[in-house]
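# Structural description and commentary
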Amino acid sequence: MTEALEKRLEALEAENAIRKLKYTYLNACDRKDVETIRACFTEDAELDYPPIGKFGLDGLIDIFTQMAATTPITDVHQAHNGEINIDGDTATGFWNLGFATYDPRDKSFRLLSSFYHDRYRKTVSGWKICYSRSEPRAIVDGSLAEDSIKGEWLAE
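From a predicted model like this one, the values you see are computed outputs, not experimental measurements.

### Points about the pattern of salt bridges
For the structure on display, the rule yields 7 salt bridges. Where Arg 105 meets Asp 103, a salt bridge forms, and the shortest distance between an N and an O atom there is 2.7 Å. Among the residues examined, Arg 105 registers a relative accessible area of 54% and is labelled exposed. For Asp 103, a relative accessible area of 11% gives the class buried. The shortest N-O distance in the salt bridge between Arg 110 and Asp 141 comes to 2.6 Å. Residue Arg 110 is located in strand S5 (residues 108-123), and its partner Asp 141 is located in strand S6 (residues 126-144); the two are separated by 31 residues in the primary sequence. According to the relative accessible area criterion, Arg 110 is partly exposed, its value standing at 26%.

Shown next as structure tokens:
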């Protein structure tokens, strides 16, 4: 195999691994699988998820545990249109996220559209997310009633 072909194959394999990593993370969020979420990130990961805040990996796990993992809330994360750029053992990613959440306690829901700006690093255990910033684009908050749905557009 030629050197150029090997590099192309490595880049394709890296891109595929990063796509799987992102999907693993989002599916783990929906399953409330805290250990799998943790395994998707480097220990020194930096996260910026407005309006929740900026924090490291332990902060993410604490917030996720409080807001989702220990509640009856149902979440659905869907990443689309991933753009991944490989640069050796690092990479960047840009994703369009569609998110829906429902809380049966008060019958409230949120529909959110945002962009993810990610950075990835290849580690001895594979590709990991080392930085992630969410850029909210549109938010609809609402509630369900017996005979109607009430919603409010909260876009900036």
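What follows picks up the thread again.
### Concerning the UniProt feature "domain: SnoaL-like" (unreviewed entry) in the protein chain
If you check UniProt for "domain: SnoaL-like" (unreviewed entry), the listed places come out as residues 11-131 in our numbering. Counting secondary structure, residues 11-131 comes out at 33% helix and 52% strand; the distance between its end C-alpha atoms is 20 Å.

### Concerning the pairing of strand S3 (residues 74-87)
Relative to strand S4 (residues 90-103), S3 runs antiparallel, the two sharing 12 bridges. Within the sheet, the bridge partner assigned to Glu 83 lies in S4 and is Phe 94. Joining the antiparallel neighbours S3 and S4 is a turn of 2 residues, in which Gly 88 adopts a positive phi near 70°.

Thresholds applied
- Residues numbered from 1 in each chain as written.
- Predicted model: local features only at pLDDT ≥ 70, side-chain atom pairs only at ≥ 80, totals over all residues.
- Heavy atoms only, no water.
- Salt bridge = Lys/Arg side-chain N within 4 Å of Asp/Glu carboxyl O.
- Buried < 20%, exposed > 50% of the residue type's maximum accessible area, 1.4 Å probe, protein only.
- Helix = DSSP H or I, 4+ residues; strand = E, 2+ residues; numbered from the N terminus.
- UniProt positions renumbered as here; feature names shortened; annotations may be inferred.
- Pairing = 2+ DSSP bridges.

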